[in-house]
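What follows is the residue order along each chain.
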Amino acid sequence: MSPTLSYAAVEARNEKEAQKREIRRYHKGVKHLCENGITKVPTKYILPVSDRPTNVGGDHHNAQNHGLKLPVIDFALLMQASTRSHALQSLTKACEEFGFFQLVNHGIERDVILDMIEASRSFFNLSFEERAKYMSADMRAPVRCGTSFNQNIDGVFCWRDFLKLNCHPLSDVLPFWPSSPLNLREAAVKYSKQVKFLYLMVMEAIVESLGLTKTASEIGSGLREMFEDGSQLMVVNCYPDCPEPDLTLGMPPHSDYGLLTLLLQDEHVKGLQIQHGGRWLTVDPIPNSFVVNVGDHLEIFSNGRYKSVLHRVVVNSVKSRISVASLHSRPLHSVIRPSPELVDEANPRRYMDTDFATFLDYMNSCEHKSKNFLDSRKLNT
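Looking at an unreviewed UniProt entry, one finds the protein named Fe2OG dioxygenase domain-containing protein and attributed to Rhododendron griersonianum. Under the Function (unreviewed entry) heading, UniProt states for the protein: "Involved in the regulation of shoot development and salicylic acid (SA) homeostasis." Its UniProt record, at the heading Sequence similarities (unreviewed entry), says of the protein: "Belongs to the iron/ascorbate-dependent oxidoreductase family."

So, in structure tokens, the structure goes:
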């Protein structure tokens, strides 16, 4: 081997090793980068100019100055026979026109919510070594600490770390949940159970709003049997303050895969934006409320009447942000298809069958962008 070839081979090997070290560094998460005192956003997190939050058509500053007041659904009114009909009309309008709504008077105790937020914040304040115990590339793991959107295949990373807790069946997964901080398991168990009940009640109302039942009493046990045994994934999101927030995003534009997502927003730090009327608009948090959004599976189930909506997260240079999302759908291998009652000659079937396992396989094979998974399920009608 000539000296020139040998030198070139060594250089190539050294460059490859340097790239591996850099990848390992980023896989440790944004919080780890910040703890090591970065002052600029690394190249791995810098979006193309067209995708940045300050780009024309998706102006981050414009969005912040035009806060979006989502439709507000009063859960208490949904639960009262005398006011349910009017509340269902509001729910229908919110799902059809926005795909998002704020849920108030939901009945979950304030202490349960505050304990969940405090435990979430405490987890991300643990040392990197403690957080690293739960890092995994396995998307089916019962607990997974990670970074970005899908760190296994993301070309550009987003400014977000997460803790994902599989919540069903709770007795099977609980032993795998973090034992530190000490209050996390107790807080997350209480919170996940109450949010699951809230989801079932809202899902019951949504099924009724689609005209699939005449009264809530007629679906009772039947609906709960359909959805109670479904998947629940709790995602704790941490968005550290960012030195150059205009270059990156906390989460890229995407829709959620499931039936419904119930999001506990940070009440003090804005960040969630939804695409509405061709613009990115920042959702104004309402204290002690949930942001609820239609997922891809509900769009399929409703045969397109209720549509999942693109949303993203922007970051800021001043204060970190915590949110807790609870994503709900049918069991892992349960088939999602348009309800036969919503398919007829005037409204032909618009989506093929799918399930959560198919979504996970899709996520493992390609970069998730916008609503590309749902687009892959559409039929040509």
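Moving on, we come to the side chain of His 32. Within the fold, His 32 resides in helix H2 (residues 30–35). If we skip the residues at most four places from it in the chain, His 32 touches Phe 128 and Arg 131.

The next point concerns the packing of helix H6 (residues 110–124) against helix H9 (residues 184–209). Where H6 contacts H9, the two axes come as close as 9 Å, and the packing angle between them is 135°. Here H9 runs oblique to H6, going by the angle between their axes. Regarding H6 and H9, the two cross each other, and that crossing is left-handed. From H6, Val 112, Ile 113, Asp 115, Met 116, Ala 119 and Phe 123 reach across to H9, where they touch Leu 184, Ala 187, Ala 188, Lys 190, Tyr 191 and Gln 194. Classifying every residue of the contact of H6 with H9 by side-chain character gives nine nonpolar, one polar and two charged.

For the protein, mean pLDDT is 87; residues scoring 70 or higher make up 84% of the total. Long-range and interchain partners of residues 56–65, a stretch whose pLDDT sits below 50, account for 24 contacts in this model, where long-range means more than four residues apart. Every residue in residues 214–218 scores below 50 in pLDDT, and together they form five contacts with partners more than four places removed in sequence or on other chains.

A few words now on the nonpolar core. With 62 residues, the main nonpolar core has Tyr 191, Ile 206 and Phe 290 as its most contacted residues. Here this core takes 15 residues from H9, the largest share from any one element. Beyond its immediate stretch of four places on either side in the chain, Phe 290 contacts Phe 101, Gln 102, Leu 103, His 106, Ile 108, Ile 113, Tyr 191, Val 195, Leu 198, Leu 262, Leu 263 and Leu 264. Among the nonpolar cores identified, the runner-up in size contains 22 residues, and Tyr 257, Val 283, Val 309 and Leu 327 belong to it.

A few words now on the layout of surface pockets. Empty space within the largest pocket amounts to approximately 790 Å³. Along the walls of the largest pocket sit 40 residues, with Lys 164, Leu 233, Val 235, Tyr 257 and Leu 327 positioned nearest its centre. Every element with two or more residues in the lining of the largest pocket is listed here: strand S4 (161–166), strand S5 (232–239), strand S6 (251–254), strand S7 (260–264), strand S11 (311–313), strand S12 (321–328) and helix H12 (356–365). Ranked by the residues each element gives to the lining of the largest pocket, the list is headed by S5, at five residues. Residue composition of the lining of the largest pocket, grouped by class: 20 nonpolar, 13 polar and seven charged.

Taken across its five residues, strand S10 (residues 290–294) has five buried, putting it largely inside the fold. Alternating positions in S10 separate into two faces, Phe 290, Val 292 and Val 294 on one and Val 291 and Asn 293 on the other, with burial throughout. Here strand S2 (residues 100–104) runs beside S10; their pairing, made up of four bridges, is antiparallel. Paired with Phe 101 across the strands is Val 292, a residue of S10. The pairing of S7 with S10 spans four bridges and is antiparallel. Bridge pairing links Thr 261 to Asn 293 in S10.

Scoring rules and cut-offs
- Residues numbered from 1 in each chain as written.
- Predicted model: local features only at pLDDT ≥ 70, side-chain atom pairs only at ≥ 80, totals over all residues.
- Heavy atoms only, no water.
- UniProt positions renumbered as here; feature names shortened; annotations may be inferred.
- Helix = DSSP H or I, 4+ residues; strand = E, 2+ residues; numbered from the N terminus.
- Contact = heavy atoms within 4.5 Å.
- Axes fitted to C-alpha atoms, helices over the stretch in contact; angles between N-to-C directions.
- Parallel < 35°, antiparallel > 145°, perpendicular 65-115°, else oblique.
- Left-handed = near helix turned anticlockwise from the far one by under 90°.
- Nonpolar A, V, L, I, M, F, W, Y, C, P; charged D, E, K, R; others polar.
- pLDDT = per-residue confidence, 0-100.
- Core = buried A, V, L, I, M, F, W, Y, C linked by side-chain atoms within 4.5 Å.
- Buried < 20%, exposed > 50% of the residue type's maximum accessible area, 1.4 Å probe, protein only.
- 1 Å grid on protein atoms, 1.4 Å probe; cavity = no way out; pocket = protein on both sides within 12 Å on 5 of 7 lines; lining within 4 Å.
- Points joined across faces, edges and corners; volume = space filled by probe spheres on them.
- Pairing = 2+ DSSP bridges.

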